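Close look at the chain arrangement
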Amino acid sequence: MDPPEPSQLTFESAQNIILRWDTTSSEQPRDRTIFDGGDRHEIHQYLNAVDEIQRSLESATLTEPDHQSKAKTAIRIAMARLEDEFRNLLTAHTSPIETDCLVDPNSSFRKHCRTNSSSDGSVLRAESFTDDEGLESRTCVSYRFATRICEIDSIPSDAISDLRSIAERMISAGYLRECVQVCLGVRRACVDASLVRLGIEKSSIDDIQRMEWENLETMIRWWIRAARVSIRMVFASEKRLCEQIFRDLGSSSIDDFCFVETVKGQALQLFNFAGAISISPRAPEKLFKILDLHDAMLDLLPDIEVVFESELSKMIRVEATEILSELTEAVRGILTEFENAVLNEPSKVAVPGGTIHPLTRYVMNYMCLITDYKQTLVDLIVSKPELRHSDDPTDVEFEVVEGRTPLASHLIWIIVILQSNLDGKSKHYKDPALAHLFMMNNVHYIVQKAKGFPDLKEMIGVGYLKKLSGKYRQLATSYQRSTWVKVMHCLRDEGLHGSGSFSGVSKSALRERFKSFNATFEEVHKTQATWLIPDAQLREELRIQISELLIPAYTSFLGRFRCYIESGKHPETFIKYSVEDLEADILDFFEGTSASQQQLKRRSQ
């Protein structure tokens, strides 16, 4: 049977229908609902009765005071009933977004999710569904759709139609405030529950800043995912729901007002976390997670502007933009702090054996990680590093190259101040040769590390890497001069010939010369076997250079003067090394081994 048309109802019959559902008159109406009963005839009849009473009031056909009073009473009763119906209907179809399928790819709910692209491909929609037993209605969407706005139709279309019908009558009767308040009460709780399931907790800035950074790192990873779901799914879907219920009813901004008032608190709470991180102390270890936050906010900003496009939601857009700006400043500030930390790192204890300093490893690994965020930092680093004046105590050099990006200049500047710090640390070595070896190791490590990461190599540039390569080779030469000049000095001919005879050789002077060579080489061998060159290729190159310098000179010296020693007593006392012995001992150099370890090594061979 079709529902009666509005014209078929008289004022009296409309009044009777409304009074029959008066919750204050009997217990029966309290236990029953009009819109959840499934009787469409009953629903239409009640709505028509409300329309008839409202028309009667507006048309001024009720001239008698008694009729006017009855009509107003009927409207009040009807509005109270419709308010309850609106609340019940909205509550019955309201549930938080199911988050299991957002984080668990094996969720049984995920396979049931149905999505549809909008006409321009920019918005996705997903519908609610029931689980495998048909027991529970849930709203779910795969997390992969959080890469763009995904509007979820969590309330069935027939329920939306009923909610809109109720809202239309309440607004027409002047009950806009009551209708909106019911919607806000139900939907705020739902949005709150969705964000709680996503892990968004209400915390003050002080609470967040008091947390250990290790815990915050985990929270940042979770927050990024939760923020994407919140903005692109939860808030976008809430906006759509408000439009479905309130669009074009009464004031043109009812739907927007309801949406903004529903999600404003949760949106600001969501951004509060990122804002607290952005103003936290600027320690270098925070850079990469803050960059992750920055990139996430930058990625979300276009969607924030779409979801919160209205004038009423301007404050949310402004808040997001300001937080992005604060994250940008945090990144720049941390990089400045990192520069200062590199330049002023205070450790004064020389690393044993002249090996690579932990600072060098830390800085270069840090720079390699920086290249993972190259695109972001290229946009953020907008000015070249501030250059040092010539009277600066660090006395570092920095070459300005046209066409080099500010980020590339910044990275090179970090290498420059790292070398300055390392140069200061090299002064803690008493042996100049070890100081040169230390600097050679560290500059070589810088070069090899940069070459091993294509992005870092590209930004630093082949030209600058060649310059650094030349520097560590120069340091290798300085090491050789500091160490081997005194050894080679023992193999000179000067001072070996007896006085008054050009061709004669002083055996006593020759014995002293061999003893001097033996003692000098032994000391060098004993000491420099404990020194360390971690890079096998560099270690082998330096050994070859030493061999090419020492072995020919010793072979020649031995060939010229051996006979004078062997013709005397106890020649083994003076000629302690054969050429083969020297070659074997050179292989011990730069292994970082003690004398006892060298002996064990020899015995095992």
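Residues numbered from 1 in each chain as written. Predicted model: local features only at pLDDT ≥ 70, side-chain atom pairs only at ≥ 80, totals over all residues. Heavy atoms only, no water.

Named according to an unreviewed UniProt entry, the chain is Exocyst subunit Exo70 family protein originating from Rhododendron simsii. Looking at the chain in UniProt, the text filed under Function (unreviewed entry) is "Component of the exocyst complex." In its Sequence similarities (unreviewed entry) section, the UniProt record describing the chain reads: "Belongs to the EXO70 family." (UniProt positions renumbered as here; feature names shortened; annotations may be inferred.)

1. As for the side chain of Thr360
Within the element layout of this structure, Thr360 appears in helix 13 (residues 358-371). For Thr360, a relative accessible area of 0% gives the class buried. Setting aside residues up to four positions removed in sequence, Thr360 forms contacts with Leu418, Leu422, Asn442, Tyr445 and Ile446. (Helix = DSSP H or I, 4+ residues; strand = E, 2+ residues; numbered from the N terminus. Buried < 20%, exposed > 50% of the residue type's maximum accessible area, 1.4 Å probe, protein only. Contact = heavy atoms within 4.5 Å.)

2. Overview of helix 20 (residues 536-566)
A rise of 1.5 Å per residue sets the reference length of helix 20, with its 31 residues, at 45 Å; its end C-alpha atoms lie only 39 Å apart and thus fall more than 12% short of the reference. In helix 20, a bend of some 45° at Arg560 exceeds every other bend along the element. What helix 20 keeps buried is the set Leu538, Arg539, Leu542, Arg543, Ile546, Leu550, Ile551, Tyr554, Phe557, Leu558, Phe561 and Ile565. Among the structural elements, helix 16 (432-452), helix 18 (462-489), helix 19 (507-528) and helix 21 (579-586) are those in contact with the buried residues of helix 20. The distance from a side-chain oxygen at the start of helix 20 to the backbone nitrogen of Gln537 is 3.2 Å, and the residue carrying that oxygen is Asp535. (Expected span 1.5 Å × (residues − 1). Bend = angle between axes of the 7 residues up to and from the residue. Polar contact = N/O pair within 3.5 Å; in protein donor to acceptor, adjacent residues only side chain to side chain.)

3. Describing helix 15 (residues 406-426)
The first and last C-alpha atoms of helix 15 sit 30 Å apart over 21 residues, in line with the 30 Å expected at 1.5 Å per residue. Within helix 15, 18 of the 21 residues are buried, leaving the element largely enclosed by the surrounding structure.

4. Remarks on the pattern of salt bridges
In total, this model carries 28 salt bridges according to the counting rule given. Residue Asp292 pairs with Lys289 through a salt bridge whose shortest N-O separation is 3.6 Å. Of this pair, Asp292 and Lys289 both sit in helix 11 (residues 287-307), 3 residues apart, which is roughly one turn of the helix. Asp455 is paired through a salt bridge with Lys374; the nearest N and O atoms lie 3.4 Å apart. Note that Asp455 is positioned in helix 17 (residues 454-460) and Lys374 in helix 14 (residues 374-380), a separation of 81 residues in sequence. The exposure class of Asp455 is partly exposed, given its relative accessible area of 31%. (Salt bridge = Lys/Arg side-chain N within 4 Å of Asp/Glu carboxyl O.)

5. Side note on the packing of helix 3 (residues 40-59) against helix 6 (residues 157-172)
In helix packing, the relevant descriptors are the interaxial angle and the interaxial distance, both defined with respect to the helix axes. Interaxial distance between helix 3 and helix 6 falls to 11 Å at its minimum, and their mutual angle equals 15°. Taken together, helix 3 and helix 6 sit at an angle that is classed as roughly parallel. Seen from above, helix 3 lies across helix 6 with left-handed handedness. Across the interface between the two elements, Arg40, Ile43, Leu47, Val50, Asp51, Gln54 and Glu58 of helix 3 pack against Asp162, Ser165, Arg169 and Ser172 of helix 6. (Axes fitted to C-alpha atoms, helices over the stretch in contact; angles between N-to-C directions. Parallel < 35°, antiparallel > 145°, perpendicular 65-115°, else oblique. Left-handed = near helix turned anticlockwise from the far one by under 90°.)

6. Comments concerning the environment of Ile155
Assignment of secondary structure puts Ile155 in the loop between strand 4 (150-153) and helix 6. Judged by its relative accessible area of 5%, Ile155 falls in the buried class. With 60 residues separating them along the chain, Ile155 and Ser95 place their C-alpha atoms 9.3 Å apart. If near-sequence neighbours (up to four positions away) are discounted, Ile155 is found in contact with Leu90, His93, Ile160, Leu163, Arg187 and Leu241.

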